[in-house]
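Chain by chain, the residues run as shown.
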Protein chains: 2
Amino acid sequence: MVGIVEVSPRDGLQNERAVLETGAKVELITQAIGAGATRIESASFVHPKLVPAMADAEAVMERVPRPEGVSHIGLVLNRRGYDRAVSAGVDEVNVVVPASDGFAKANQNSTTAELTAVAEEVLAEAASAGLFATVTIATSFGCPFDGEVDPARVVEVARRAAAAGAKEIAIADTIGVGVPTQVRTLLDGVREVAPDVITRAHFHNTRNTGFANAVAAYEWGVDWLDSSNGGIGGCPFAPAATGNIATEDLVYTLERMGVRTGLDLAALIPIAEYLSDALGYRVPALLPRAGAFPG
Amino acid sequence: MVGIVEVSPRDGLQNERAVLETGAKVELITQAIGAGATRIESASFVHPKLVPAMADAEAVMERVPRPEGVSHIGLVLNRRGYDRAVSAGVDEVNVVVPASDGFAKANQNSTTAELTAVAEEVLAEAASAGLFATVTIATSFGCPFDGEVDPARVVEVARRAAAAGAKEIAIADTIGVGVPTQVRTLLDGVREVAPDVITRAHFHNTRNTGFANAVAAYEWGVDWLDSSNGGIGGCPFAPAATGNIATEDLVYTLERMGVRTGLDLAALIPIAEYLSDALGYRVPALLPRAGAFPG
């Protein structure tokens, strides 16, 4: 058994050229829930200037289905975003901290150390509010500005996040450069400094390493994997590149390995068609093109 | 260290809509050698009616570069093909036997058992000629006609092939349905009945499982992996699907894991552009779109 966090409404749509209307986002989230998703990154509470495609976060949260057992995650970068997410009624928050200073500077004119301190403040608020909080460590596998990222930087963020009360820590291959050996090194490092946290991993298939990384993370014993319906998301640093690992391809792989995911492959496959129509191009997921097996 | 067999000239081009001229095939093989390929499946000696794109096998072999240390492999299905391959001057032969009767019937109006006997005859000829011979077990991971394939069928072909003198046995996921657990089960099974043979594995990325399978095979200890420049090859049973795992993406993955392949990534990347131009569409390999890392 491994859990899957559906990130298409946030990391997927955030990096697409076409910006979907609120109703189309709610439809995507509704379809994901229909296919069995129990944790969905439904919105990003980042300043609209930084991520215009997510400016309607509150409106999305107002309209999403809220069935029992389904948790809507709001991505936040700071206290302001956290307050917005709480007001919007999210079930949990995901606080992103980049492991590389180059990425921290480019996105938020800051440093890893400073943004870890910002995360600590948010984590303290979440703890006192009893809200489940994840810290996702971006650029854990490599940075578009700094190149290689020392695993010790990732582990240090994890250590501080766990000490500040993060319930879950995610290692994220933001630009899709990682390989399975890195997955194990980083997860071992996180486990060592944060033995009690829930572990999660986030992969992009930019260089065709994403599914091998997901299998490596599963075999390591990771609790949750992120993926995106249709494999949408692209990569802002490589315009021709593909996006997040595709939920349907991941579920196919895991279920055929005998691993339960709780998701329904037959219900997932049509979502790619919905996304292809909505985004105006054929999304990168392969299972919808090739068909499930055995048929 | 793991070896890579370049299969774009055969399995790649065989399944493309565009048929390349002999000179363009020779150019592809020349570029592959320039990037460090030492084993290349350069031609298929199958009846031209069955595979029209490979009808110029002899002409290709006449014109390919033959530097020291480079081995040109000819694919054969039977004694007639074997004789043609030998006359054409191949360095080694690859005898294909499908593990499923449905595939054997559709392609050659035969059965696995009958085609294993055909392979045994070819292997005896190769042994007496001192020619290196591989048996590739097609549809080892699943069959487009029979569905699931019992691993015992694969192992039985391997047992007979090894007994008949095959120097190498390859398990092939002909239609790209396999997952890492199958990789290990099948390789374990082959190893048990053929402890001394060289092992090789052949994956398609039809459902985004190909690179995870390749990593699983490497970690199991496989000696050789097949891949195709540009990830060309498609899948005749799923017209929209992608093809063989891409050599450049595989080399990126392995080298970043610290595994030497003997191939030069910088020399591989431009081959995708050559193939895209020659075939008239953007080939599926991802590294040429995203760029190597670190840059």
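Here is a short report on the structure shown in this document. Remember, predicted model here, so these are calculated numbers, not experimental data. Every chain is numbered independently, its residues counted from 1 as its sequence is written. All chains are assigned letters beginning at A, and all ligands numbers beginning at 1, according to the order in which they are written. In view of the model being predicted, local features appear only for residues whose pLDDT reaches at least 70, and side-chain atom pairs are presented and counted only at 80 or more, with totals across whole chains, interfaces and linings using the full set of residues. Only hydrogens and water are set aside when side-chain values are computed; all heavy atoms of the structure are taken into account.

For the rest of this paragraph, the subject is the relation of the copies chain B and chain A. The relation between the two copies of this chain is a rotation about an axis and a shift parallel to it. Note on the copies: chain B fits chain A at an RMSD of 0.0 Å, the axial shift is 0.0 Å, and the rotation between them is 180 degrees. The operation mapping one copy onto its partner corresponds to a two-fold rotation axis. Within chain B, A212(B) has its C-alpha nearest the rotation axis, a separation of 1.9 Å. The fraction of interface residues of chain B whose copies in chain A are also interface residues reaches 100%, indicating that both copies meet through the same surface. Least-squares fitting of one copy onto the other uses the C-alpha atoms of those residues that reach a pLDDT of at least 70 in both copies. Contacts are residue-level and defined by heavy atoms, with any inter-residue pair within 4.5 Å sufficient.

Okay, the side chain of S44(B) next. Take S44(B): it is sitting in strand β2 (residues 39-44). Each residue gets one of three labels from its accessible area relative to the maximum for its type: buried under 20%, exposed over 50%, partly exposed in between, using a 1.4 Å probe on protein chains only. Among the residues examined, S44(B) registers a relative accessible area of 1% and is labelled buried. Helix and strand assignments come from DSSP, with helices taken as H or I runs of at least 4 residues and strands as E runs of at least 2, each series counted from the N terminus.

All right, on to the interface of chain B and chain A then. Where interface size is quoted, it is often the accessible area lost as the parts come together. Contacts between the two partners involve 39 residues from chain B and, on the opposite side, 39 residues from chain A. When two components associate, each loses some accessible surface as probed by a 1.4 Å sphere; the sum of these losses over both components is called the buried area. Among the residues chain B hides against chain A, the three largest losses belong to R207(B), N208(B) and F293(B). Together they make up 21% of the total. Salt bridge, as used here, is a side-chain nitrogen of Lys or Arg placed within 4 Å of a carboxyl oxygen of Asp or Glu. Where chain B touches chain A, the interface holds four salt bridges. Across the pair E148(B) and R256(A) runs a salt bridge, and its minimum N-O distance is 2.7 Å. As used in this structure description, the phrase polar contact means that two N or O atoms lie within 3.5 Å; if the pair is within protein, one of them must be able to donate a hydrogen and the other to accept it, and residues adjacent in sequence are counted only when both atoms belong to side chains. The interface formed by chain B and chain A includes 16 residue pairs in polar contact (both at pLDDT 80 or more). Counting only elements with at least two residues in the side of chain B that touches chain A, the list comes to α8 (180-193), α9 (210-220), α10 (247-256) and α12 (287-290) of chain B.

Residues and elements named next belong to chain B. When you line up the elements, D226 lands in strand β8 (residues 224-227). Within the structure, D226 has its side chain in polar contact with the side chain of R200 (distance 2.7 Å). Reaching out from D226, the side chain makes a polar contact with the side chain of H202 at a distance of 2.7 Å. Every residue in contact with D226, bar those within four places of it in the chain, is listed here: V5, V7, R200, A201, H202 and I245.

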